[in-house]
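# Chains, contacts and geometry: an overview
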Amino acid sequence: MADSIYRRIYAEVRRVPRGRVATYGQIATLAGFPRHARQVGYALHSLRESEESVPWHRIVNGQGEVSPRSVPGWDEIQRELLENEDVEFDARGRIDLVRYQWRPRSRRKAAARPRL
DNA sequence: TCCCTGACTGGTT
DNA sequence: AAACCAGCCAGGG
């Protein structure tokens, strides 16, 4: 299995608290794999029900929007899950990362782009 | 084992 | 602003 890397990714995703979001790139960096944002997406894609403890819905893309997936309808579910956690979407369907992005260590200006 | 595909991102055109 | 392009990695046929 690919767990060595996927495991690290899931572990980081699990750290994202309710009502907050993280970006794919951010998770990749936190997991120790800078520039592997795409792998984070793949890892989440391969999630099974058995891993439902992973809050996949709290992961959004670098622009604060829910990434479109191959299966239509999923994005709506993700948005609902986030709204249930009081995460707000603007008229363009985007989340204000400055306000909602999870910042584990220090709270900085929270650039919309986590430095890779 | 080769080949294809897929929840991304940042930099260039 | 939109389209392209190059990295990046694992799993299934």
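Numbering of residues begins from 1 in every chain and follows the order in which that chain's sequence is written. Chains carry letters from A onward and ligands carry numbers from 1 onward, assigned in written order. This being a predicted model, a pLDDT of at least 70 is required before a residue's local features are given, and a value of 80 or more before pairs of side-chain atoms are given or counted; all residues contribute to the totals for chains, interfaces and linings. Only hydrogens and water are removed before side-chain values are computed, so all heavy atoms of the structure are retained for them.

With that settled, the discussion passes to helix α3 (residues 37-45). Think of an α-helix as 3.6 residues a turn; residues three or four steps apart then line up on the same face. Only protein chains enter the accessibility calculation, which uses a 1.4 Å probe. A residue is then buried if its area is under 20% of the maximum for its type, exposed if over 50%, and partly exposed in between. Segments assigned H or I by DSSP are reported as helices when at least four residues long, segments assigned E as strands when at least two residues long, and all are numbered from the N terminus. Within the sequence span of α3, burial applies to Val40, Ala43 and Leu44. Within α3, the buried residues cover an arc of 95° as seen down the axis, which keeps them to one side. The exposed set on the far side of α3, more than 90 degrees from its buried face, consists of Arg38 and His45. The arc in question is traced by the directions running from the helix axis to the C-beta atoms.

A separate point is the packing of aromatic side chains. Here is the rule: rings of Phe, Tyr and Trp (six-membered ring for Trp) pair when centre to centre is within 6.5 Å. Planes less than 30 degrees apart are stacked, more than 60 are edge-to-face, and the remainder are tilted. Under the defined criterion, the tally for this structure stands at two aromatic pairs. Ring geometry for Tyr6 versus Tyr10: centroids 6.2 Å apart, planes at 65°, classification edge-to-face. In this pair, Tyr6 and Tyr10 are both assigned in helix α1 (residues 3-15), four residues apart and thus about one turn of the helix distant. Centre to centre, the rings of Trp56 and Trp74 are 5.3 Å apart; their planes meet at 75°, and the pair counts as edge-to-face. With Trp56 in the loop between α3 and β2 (59-60) and Trp74 in helix α4 (residues 74-84), this pair connects stretches of sequence that are 18 residues apart. On the basis of relative accessibility, which here comes to 38%, the residue Trp74 falls in the partly exposed class. Only Lys NZ and Arg CZ are tested; either one counts as a charge over a ring when it is within 6 Å of the ring centre and within 35 degrees of the ring normal. The ring of Phe89 has Arg79 sitting right over it, with the charged end atom 4.4 Å from the ring centre.

Turning our attention to the confidence of the model for chain A. For every residue, the predictor states its confidence as a pLDDT score lying anywhere from 0 to 100. Scored by pLDDT, chain A comes out at a mean of 85, with 84% of its residues at no less than 70. Within the model, pLDDT remains below 50 along residues 107-116, and this stretch shows 15 contacts once partners closer than five positions in the same chain are excluded. The contact criterion used is simple: two residues touch if any of their non-hydrogen atoms lie within 4.5 Å.

Our focus in this paragraph is the protein's contact with DNA strand B. Throughout this document, a residue counts as near a molecule or strand when at least one of its heavy atoms sits within 4 Å of that molecule or strand. In the vicinity of DNA strand B lie 18 residues, with Tyr42, Leu44, Asn61, Gly62 and Ser70 positioned nearest. By the criterion applied in these results, polar contacts are pairs of N or O atoms within 3.5 Å in which, for protein atoms, one can donate a hydrogen and the other can accept it, and in which residues neighboring in sequence qualify only through two side-chain atoms. Contact distances for DNA strand B include 3.0 Å between a phosphate oxygen and a backbone N or O atom of Gly62. Every element with two or more residues in the surface near DNA strand B is listed here: α2 (24-30) and α3. With six residues, α3 is the single largest residue contributor to the surface near DNA strand B. Each residue gets one label: Ala, Val, Leu, Ile, Met, Phe, Trp, Tyr, Cys and Pro are nonpolar, Asp, Glu, Lys and Arg are charged, and the others, such as Gly, are polar. Its residues placed into classes, the surface near DNA strand B shows seven nonpolar, seven polar and four charged.

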